[in-house]
Amino acid sequence: MATRDPRWVLKDRPSFALIIGLVLTGICALVSFSFDVFNGAPVQFFIALALALAPVPLLLAAVLALDRMEPEPRSNLIFAFAWGAGVAVLVAGVINSLNLHYIIDTAKLSEASARNLAATFGAPVVEETMKGLVLLGLLKFRRAELDGPTDGIIYASMVGLGFAMSENVSYYLGALSTSGVKGLAVTVVLRGILSPLAHPLFSSMIGVAVAYAAQRQGSERSTYVLVGWTAAMILHGLWNGLASYGGFPGLVVAYLTLLVVLVVLIGVVFRDRRRIVALIQRYLPAYEPTKLVTQADIFMLSAFARRRQARQWARAHGGKPGLRAMRDYQLAATELGLLHERAARHMVDEHTFHEEQRALLECMSTARADFPVPEMHARSVARGSPPPGYAPGAPG
């Protein structure tokens, strides 16, 4: 029996609006890259592009590793990354260039002084605003996807990684053109190796704020967004200012600041995971009479290690279909707990709640029917005991 997508009713299928959005962001990315080609030789551009792309798979894997308990729709993640790499970079680049020329003409500063001034006080406002717009769009049109601060961090990191990738092409090309291979190497180390998560960390201030705003009503939502936006711009400006005016000691302080922010955000993610586990333990026992949930299932769903153990067990006894069924079940059960929280916060109406509840229960039923049942354990499973290896330590 084929499993049903646990993201409910083909929720993750690319929509027409998404396709149009990706086309527009792709065009913006091509326009932005065309400026880089015109500013340097084509060979140099492709060298810079390759170096900017090289760390992206590893960085994406690191970000998505935080998104394992309740993965976000791939379409939303792709659009966030594309927005950062296309629209945000292009518009921010044009505005930053205009600001630079305005400062040079009005303040009569040298180009180097004007660049430092624009980088410290102008670029953070422009760039965080352009990156933050996609997060506001999620709050407006995909609010139900923002189930907690982890979701905000994931989306903000995706748009930040897209932005950093495209921006790095320009930086690498400029370094190669002006300082040769040595200058390129230094820039790659500073931007691609030592601070690849700078933009994601800046934008995560907005992401966390937007996620908290999604859980609330009224003017309080605007306050959260404003605080997060301000924090992102201050952090970005502090980073640029220390790098521009602080010399080596400034760089050290800047990197230490980013490290502190990274540690805090990781703490926020782990705290959010505990919240989701608490929701599962609170709401899923009520579904035990349906036979779709048992105490063993809740025990399994309450820890990453036990979830992984269950997937390994399913794959060992049922191959890829068994693994897919277990993944579907885990995700649908997690979504069910989050659905109850959204209902408790009045984020969904009664009709929507029951509609999504039925779909998720159907998904759990379909997935559970595809669970592998080793013949030697069929009798104990029929009595309601979990088979060995499914949820070690569970009440039986």
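Quick caveat, the model's predicted, so the values are computed rather than measured.

> With reference to specific residues and values, describe the UniProt feature "transmembrane region" (unreviewed entry) in the protein.
According to UniProt, the feature "transmembrane region" (unreviewed entry) maps to residues 16–35, 41–65, 77–98, 118–141, 153–173, 193–212, 224–242 and 248–270 in the numbering used here. Annotated as 100% helix and 0% strand, the span residues 118–141 places its first and last C-alpha atoms 33 Å apart. Between the C-alpha atoms that bound residues 193–212 the distance is 31 Å, and the span itself is 80% helix and 0% strand.

> So what's going on with helix α12 (residues 350–369)? Residues and values would help.
Here α12 is 20 residues long and its end C-alpha atoms lie 28 Å apart, about the 28 Å a rise of 1.5 Å per residue gives. Buried within α12 are the following residues: Phe 353, Glu 356, Gln 357, Ala 359, Leu 360, Leu 361, Cys 363, Met 364, Thr 366 and Ala 367. Lining the buried residues of α12 we find α11 (304–344). Where α12 begins, the side chain of Asp 349 points an oxygen toward the backbone nitrogen of His 351, at a separation of 3.3 Å.

> Give a detailed account of the side chain of Gln 215, specifying residues and quantitative values.
Within the secondary structure, Gln 215 is located in the loop between α7 (198–214) and α8 (219–245). By relative accessible area, which is 9% here, Gln 215 ends up buried. A polar atom in the side chain of Gln 215 sits 3.4 Å from the side chain of Arg 345. Those residues in contact with Gln 215, other than ones at most four positions away along the chain, are Arg 143, Leu 146, Asp 147, Gly 148, Glu 341, Arg 345 and Met 347.

> With reference to specific residues and values, describe the environment of Glu 350.
With respect to the helices, strands and loops of the structure, Glu 350 is situated in helix α12. Given the relative accessible area of 60%, Glu 350 is considered exposed.

> Residue-level account of the packing of α7 against helix α9 (residues 247–283), with values.
Between two packed helices, the angle of one axis relative to the other and the distance separating the axes together describe the packing. Running from amino to carboxyl end, α7 crosses α9 at an angle of 45°, the nearest separation of the two axes being 10 Å. Comparing the axis directions of α7 and α9 gives the class oblique. When you trace α7 past α9, the crossing you get is left-handed. Seen from α7, the contacting residues are Ala 198, Leu 201, Phe 202, Ser 204, Met 205 and Val 208; seen from α9, they are Leu 258, Val 261, Leu 262 and Leu 265. Along the lines of polarity and charge, the residues of the contact of α7 with α9 split into 9 nonpolar, 1 polar and no charged.

> I'd like a description of the packing of aromatic side chains, backed by residues and values.
Counted under the stated rule, the structure contains 8 aromatic pairs. Measuring from centroid to centroid gives 5.2 Å for Phe 45 and Phe 46, while their planes differ by 70°, and the two rings are edge-to-face. The buried category is assigned to Phe 45, whose relative accessible area is 5%. Among the residues examined, Phe 46 registers a relative accessible area of 54% and is labelled exposed. Measuring from centroid to centroid gives 6.0 Å for Tyr 212 and Tyr 224, while their planes differ by 25°, and the two rings are stacked. In this pair, Tyr 212 sits in helix α7 while Tyr 224 sits in helix α8, placing the two residues 12 residues apart along the sequence. Residue Tyr 212 is classed as partly exposed on the basis of its relative accessible area, which comes to 31%.

Conventions adopted
Residues numbered from 1 in each chain as written. Predicted model: local features only at pLDDT ≥ 70, side-chain atom pairs only at ≥ 80, totals over all residues. Heavy atoms only, no water. UniProt positions renumbered as here; feature names shortened; annotations may be inferred. Helix = DSSP H or I, 4+ residues; strand = E, 2+ residues; numbered from the N terminus. Expected span 1.5 Å × (residues − 1). Buried < 20%, exposed > 50% of the residue type's maximum accessible area, 1.4 Å probe, protein only. Contact = heavy atoms within 4.5 Å. Polar contact = N/O pair within 3.5 Å; in protein donor to acceptor, adjacent residues only side chain to side chain. Axes fitted to C-alpha atoms, helices over the stretch in contact; angles between N-to-C directions. Parallel < 35°, antiparallel > 145°, perpendicular 65-115°, else oblique. Left-handed = near helix turned anticlockwise from the far one by under 90°. Nonpolar A, V, L, I, M, F, W, Y, C, P; charged D, E, K, R; others polar. Phe/Tyr/Trp six-rings, centres within 6.5 Å; stacked < 30°, edge-to-face > 60°.

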